[in-house]
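This is what each chain is made of:
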Amino acid sequence: MHRKLLIVSATAEEATPLLRNINGRETEFPNLFFGNLYGHSVDVLICGIGTTVSTFRLTRLLSQRTYDQAVSMGIAGAFADDISVGETVQIVEDCFADSGIDDNGTFLSLREAGLAKSDEFPFAGDFIANPSPALLPYRNVRGITVQTTSGNERRIGELIDKYRPQTETMENAAFFYVCRMMQIPFISLRAISNKVEPRNRQNWRIPQAVDRVNVAVAEYIQKMHHSY
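Residues numbered from 1 in each chain as written. Predicted model: local features only at pLDDT ≥ 70, side-chain atom pairs only at ≥ 80, totals over all residues. Heavy atoms only, no water.

## What to know about the side chain of glutamine 90
1) Next: With respect to the helices, strands and loops of the structure, glutamine 90 is situated in strand β6 (residues 88–94).
2) Next: One polar contact links glutamine 90 to asparagine 140, side chain to side chain, over a distance of 2.9 Å.
3) Next: Other than its neighbours up to four places away in sequence, glutamine 90 contacts Pro133, Ala134, Leu136, Tyr138, Arg139, Asn140, Val141, Ile187, Ser188 and Leu189. (Helix = DSSP H or I, 4+ residues; strand = E, 2+ residues; numbered from the N terminus. Polar contact = N/O pair within 3.5 Å; in protein donor to acceptor, adjacent residues only side chain to side chain. Contact = heavy atoms within 4.5 Å.)

Set out below in structure tokens:
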């Protein structure tokens, strides 16, 4: 069965292998490329870094085009010691981890501050869950989304204590939010480029992570082709 898929990546660099694979060509729509893979139509949206620009670009696109499924792809940092650099994971729940207030040195989420309801769609507590994650050979993880990446021991410890996260990105919760609100099925695949630790670029493995997540997305699309 032919399906129309939307792949969402923060940067073109994170999706370059896939764009080559589908012979991606620019559309009239800003930051959008199209192609075909394994019998499916594949659009690739470069949503930009951070929640503001990614929310705007994704909402604008989904207001004008329809898709059978959206796939978020890219790199991520890992909190958990048992997640290796280069490993691909499926994020199944995420939250806006730095959206809240500072109450005399104590961070409160909007829910904790009484500014948001814990059961207001699409939230359950502070998190947004994927109601239909894919059955994939990757571990399912809890992510957090921040606008300032974590690079010191104190902040990292605070986030771990509060949210028990396994991964960190700068856009993924926005992707979850828009997809849930626009009622489009979705999954999120990320490959780990670095540990969330005091900033040390020497330990980053971005090219390796980019290669791994692009392979994972291509294999997912291929599996989808063979399942119909």
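## A short note on the packing of aromatic side chains
Within a pair of aromatic rings, the relevant descriptors are the distance that separates the centres and the angle that separates the planes.
1) Next: Counted by the stated rule, this structure contains 6 aromatic pairs.
2) Next: Seen in terms of ring centroids, phenylalanine 127 and tyrosine 163 are 6.0 Å apart; in terms of plane orientation they differ by 80°. Their pairing is edge-to-face. Residue phenylalanine 127 is found in strand β10 (residues 127–129), and its partner tyrosine 163 is found in helix α3 (residues 153–163); the two are separated by 36 residues along the sequence.
3) Next: Lying over the aromatic face of tyrosine 67, lysine 4 brings its terminal NZ or CZ to 5.3 Å of the ring centre. (Phe/Tyr/Trp six-rings, centres within 6.5 Å; stacked < 30°, edge-to-face > 60°. Lys NZ or Arg CZ within 6 Å of the ring centre and 35° of its normal.)

## Points about the nonpolar core
1) Next: Ranked by size, the top nonpolar core spans 29 residues in total, and within it Ile7, Leu18, Val44, Leu189 and Val217 carry the most contacts.
2) Next: Counting residues per element, the ones that place at least two in this core are β1 (4–9), α1 (12–21), β3 (32–37), β4 (40–46), β5 (69–78), β13 (186–195) and α5 (206–226).
3) Next: Looking at which element gives the most residues to this core, the answer is α5, with 9 residues.
4) Next: In this structure, leucine 18 is in contact with Ile7, Leu37, Val44, Met73, Asn214 and Val217, ignoring residues within four places of it in sequence.
5) Next: By size, the runner-up hydrophobic cluster in this structure holds 27 residues, among which are Cys47, Leu58, Tyr67 and Phe175. (Core = buried A, V, L, I, M, F, W, Y, C linked by side-chain atoms within 4.5 Å. Buried < 20%, exposed > 50% of the residue type's maximum accessible area, 1.4 Å probe, protein only.)

## Digging into the packing of helix α2 (residues 51–62) against helix α4 (residues 172–182)
1) Next: Following both chains from N to C, one finds α2 and α4 inclined at 25°, their axes separated by 9 Å at the closest point. Between α2 and α4, the angle falls in the class roughly parallel. Here the hand of the crossing between α2 and α4 comes out right-handed. Of the residues in α4, those in contact with Thr51, Ser54, Thr55, Leu58, Thr59 and Leu62 of α2 are Ala174, Phe175, Val178 and Met182.
2) Next: Counted by class, the contact of α2 with α4 contains 6 nonpolar, 4 polar and no charged residues. (Axes fitted to C-alpha atoms, helices over the stretch in contact; angles between N-to-C directions. Parallel < 35°, antiparallel > 145°, perpendicular 65-115°, else oblique. Left-handed = near helix turned anticlockwise from the far one by under 90°. Nonpolar A, V, L, I, M, F, W, Y, C, P; charged D, E, K, R; others polar.)

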